[in-house]
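# Summary of the model geometry
Okay, here's what each chain looks like letter by letter:
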Amino acid sequence: MSESFPRLSARTRRFTLGVPRGFTISPDGGKVVFLRTKSGTDPVTCLWELDTETHVERLVVDPRTLDADDGDLPPEERARRERSREQAGGVVGYSTDSSVTRVAFALAGGLYVTDLPDGGTRRLETPGAVIDPRISPDGHRVAYVSGGALRVHDLATGDDRALAEPESPTVTYGLAEFIAAEEMDRMRGHWWSPSSDALLVERADEAPVHTWHIADPANPDRPATAQRYPAAGTPNAVTQLFVLGVDGSRVAVPYEDEYLTTAAWSSHALSIVTMSRDQKRLRLFAIDPATGGSTLVREDTDPAWVDVVTGVPAHLDDGSLVWVAADGGGNRLFVGDRAVTPPTLQVRAVLDVDHDSVLFSASGDPTEIQLWTWDGHSLLPVSTRSGVFSGRMSGGVGVLTEQSLDAEGVSTTVVRRDGMAIPIPSLAERPGLDLRVSLGRSGRRELATAVVLPSWHEQGSRKLPVLMDPYGGPHAQRVLNRRGGYLESQWFAEQGFAVIVADGRGTPGRGPAFERAVLNDLATPPLEDQIDALQGVAEQYPDDLDLTKVAIRGWSFGGFLAALAVLRRPDVFHAAVAGAPVTDWRLYDTCYTERYLGHPDEQADVYDNSSLFGDAAKLERPLLLIHGLADDNVVAAHTLRLSSALLAAGRQHSVLPLSGVTHMTPQEVVAENLLLLQVEFLKRSLGV
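Everything in this summary refers to the structure shown in the same document.

Once that is clear, we can look at helix α10 (residues 637-648). The end-to-end C-alpha separation of α10 is 16 Å, in line with the 16 Å expected for 12 residues at 1.5 Å each. For α10, every residue scored as buried is listed here: His638, Thr639, Leu642, Ser643 and Leu646. On an axial view of α10, the arc spanned by its buried residues comes to 125°, and they lie on one face. Residues of α10 that are exposed and point more than 90 degrees away from the buried face comprise Leu647 and Ala648. Looking at the packing, one finds that the buried side of α10 touches α7 (557-568), β43 (623-628) and β44 (654-658). Taken from the residues just after α10, glycine 650 is the one with a positive phi, measuring 75°.

Attention now moves to the pattern of salt bridges. According to the stated counting rule, one finds 42 salt bridges in the structure shown. Residue glutamate 177 is joined to arginine 186 by a salt bridge in which the shortest nitrogen-to-oxygen separation is 3.1 Å. Residue class for arginine 186 comes out buried when judged on its relative accessible area of 3%. Bridged by salt links that share partners, the residues Arg14, Asp469, Arg478, Glu488 and Arg553 form one connected network.

What follows concerns the side chain of arginine 134. Note on placement: arginine 134 falls in strand β10 (residues 131-135). By relative accessible area, which is 18% here, arginine 134 ends up buried. Side-chain polar atoms of arginine 134 contact the side chain of aspartate 132, separated by 3.0 Å.

Core analysis: the largest hydrophobic core is formed by 84 residues, its most contacted members being Trp323, Leu333, Phe573, Trp585 and Leu623. Beyond its immediate stretch of four places on either side in the chain, tryptophan 585 contacts Ala232, Leu522, Phe557, Phe560, Tyr592, Thr593, Leu597, Tyr607 and Ser610. Core analysis: the second largest hydrophobic core is formed by 33 residues, Phe5, Leu467, Val479 and Leu658 among them.

On to the packing of aromatic side chains. One pass over the structure, following the stated rule, counts 17 aromatic pairs. Seen from their ring centres, phenylalanine 5 and tryptophan 491 are 6.4 Å apart, and the 20° between their planes marks the pair as stacked. Placement of the pair is phenylalanine 5 in helix α1 (residues 5-11) and tryptophan 491 in helix α4 (residues 487-494), with a sequence separation of 486 residues. One exposure class covers both phenylalanine 5 and tryptophan 491, and it is buried. What links up through ring pairs into an aromatic cluster is the set Trp305, Tyr471, Phe557, Phe560, Trp585, Tyr588, Tyr592 and Tyr596. Looking at arginine 298, its charged tip hangs above the ring of phenylalanine 334, at a distance of 4.6 Å from the centre.

Of all the six residues making up strand β27 (residues 330-335), six are buried; the element is thus mostly covered by neighbouring parts of the structure. Here β27 shows a buried face lined by Gly330, Arg332 and Phe334 and a second buried face lined by Asn331, Leu333 and Val335. Judged from the six bridges that link them, strand β26 (residues 321-327) and β27 form a sheet pairing that is antiparallel. Within the sheet, the bridge partner assigned to valine 322 lies in β27 and is valine 335. Hairpin connection from β26 to β27: two residues lie between these consecutive antiparallel strands, with glycine 328 at a positive phi of about 60°.

Conventions adopted
Every residue gets a number counted from 1 within its own chain, in the order that chain's sequence is written. Only residues with pLDDT of at least 70 are given local features in this predicted model, and only at 80 or more are side-chain atom pairs given and counted; all residues enter the totals for whole chains, interfaces and linings. Side-chain measures were taken over the full set of non-hydrogen atoms in the model, leaving aside hydrogen atoms and water. The way it works is that DSSP assigns letters per residue, a run of H or I at least four long becomes a helix, a run of E at least two long becomes a strand, and they are numbered from the N terminus. Multiplying 1.5 Å by the residue count of a helix minus one yields the expected span of that helix. Here's how the labels work: a residue is buried when its accessible area is under 20% of the maximum for its type, exposed when over 50%, partly exposed in between, all with a 1.4 Å probe on protein chains only. Summarising the geometry, the arc corresponds to the directions from the helix axis toward the C-beta atoms. Should any heavy atoms of two residues lie within 4.5 Å, those residues are counted as being in contact. Salt-bridge detection follows one rule: a side-chain nitrogen of Lys or Arg within 4 Å of a carboxyl oxygen of Asp or Glu. Pairs of N or O atoms within 3.5 Å make up the polar contacts considered here, provided that, within protein, one atom can donate a hydrogen while the other can accept it, and that residues adjacent in sequence are counted only when both atoms are side-chain atoms. Nine residue types can take part in a nonpolar core, namely buried Ala, Val, Leu, Ile, Met, Phe, Trp, Tyr and Cys, and a core is a set of them joined through side-chain atoms within 4.5 Å. In this scheme Phe, Tyr and Trp rings, the latter by its six-membered ring, pair at centre separations within 6.5 Å, and the angle between planes marks the pair as stacked below 30 degrees, edge-to-face above 60, and tilted otherwise. Two conditions define a charge located above a ring, namely a distance within 6 Å from the ring centre to NZ of Lys or CZ of Arg, and an angle within 35 degrees of the ring normal. A pair of strands counts as paired when DSSP detects no fewer than two bridges linking them.

What follows is the structure, encoded as structure tokens:
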């Protein structure tokens, strides 16, 4: 008998193992370095190289041959992987020199360097466990963090010394603080100069941040883990920047804003981007590394909030600034002071700048993410089929990844200068599901919606119970033209449900106004839009949906939305499964929460309206709350406090605590049985 979908999904980390990722193209376009596990069930990530001339693929680093125990990770590395939602092991990240001839990576706390021409790998002696190694552009040194210190290892001499050491246990040099990693997609805290003689380094002091304790009730002999957590309205870590020379020099780089969103150091400029605490102002500065002095290059403001966009700032060969900002009703690409994309094309990210060409992702239709280039004169489409695309570009060579509803998995292709295409095979497992997904628009607001029906269902033959399966929160999207986004939804459909996935206001792809509709209210617009989508789909499928049996499930923001649905609209929703839900936004972090709801001391009523506690007495439908007790992002207190409020109101509900489980639930047995238990609960609750 073949493995069940829940077991296979768990073993394959939701079919992500075996998929090529983490691409680096050499400046001459001659080789592509990337990460991939050896199979779709192998959790150990290896480093590979593709020669674009010979088309030969070579295994460069297999962690199993290096005698490293990947289970013995430093706490900082475990936290970094949780922030990046990394589910695999082995070589999960690496850096290269500018010529892509040397690679540095951390494995089980050890520091390793590989010379790509001969494939030789050596472990370097370090005084402690290593976090986030970054090799210098000239390939002669490796900077890394150990014990909160920023250290540099000279590859020629073996000299290893600290450029900056923490002054107290709450200080780190060279690491991104919690908020930067969790909410701004900045996973790094040090940047080499192009000349390899200095680094821009973040100093973060968590002393002002309140201490929370993550306990493990299943093991009372173990002490609780102390964690600094910046909840909404409370102090953030204090961050500073310094230019540290390898000669021991130290230059302060002062800035005023609360958040450092990103930094970049190229031959054109040392740049930093900062954002005010209220997130209504974003400023780009050019820094003089010799003095630390700053020059304001650009300032963007917005009465709601400004967006942090991946890949900018960047520069063309002539020094022109590449930037993305909301303008004229759209998220637009700027080169210099000029917007070069129309407001109808929503720019998602800048992926690469290759001399005078910019590779970026953007959406015309919110269900599609296409690739485009700006070549200095005109916009050119790179991807021509429907789907979700990403890519890299260097030396005139491109790497394109493609997903769609028409094909399983992720397809990766290297495109040479002469147009020849070289595939990089995916080794991912096949899900074994016959997808039946229809994308369209529904409801009064024409919301992007996916309708997932059982493969065996004959349309119009009978009415099916309905399962709403949203995320529904800001800056995240589920309704996209790719098969991988609907595997769990299809599996639920096979159990006898008509599954609806809808992206309401706040989700990206439809422009700034649509995203900013959730300002000061994370509850009403998302919930209204799920109902709007449900009613719209019911009109399109009048003989297939049983609106007397409607359930909703979700995780994280989706969990909040699921619980909200049965509390506030029991007339529409008849059962809910809420996984790791945010139940009181005062318990969630500063950057995310204050972006949408402001400061809790200034807008208490806004927080109360978006909290679930005030609705506890209204519960009259079955509600299953699921939460990992080791979750350090949406802490278990969210579920436990809601459960207490429901109990105080005399409202029956169910709670499933997951011992030792974080926000990601990567454990196989847990991930498998969670799906099975949800189906059982939903069927029982709906009387199916």
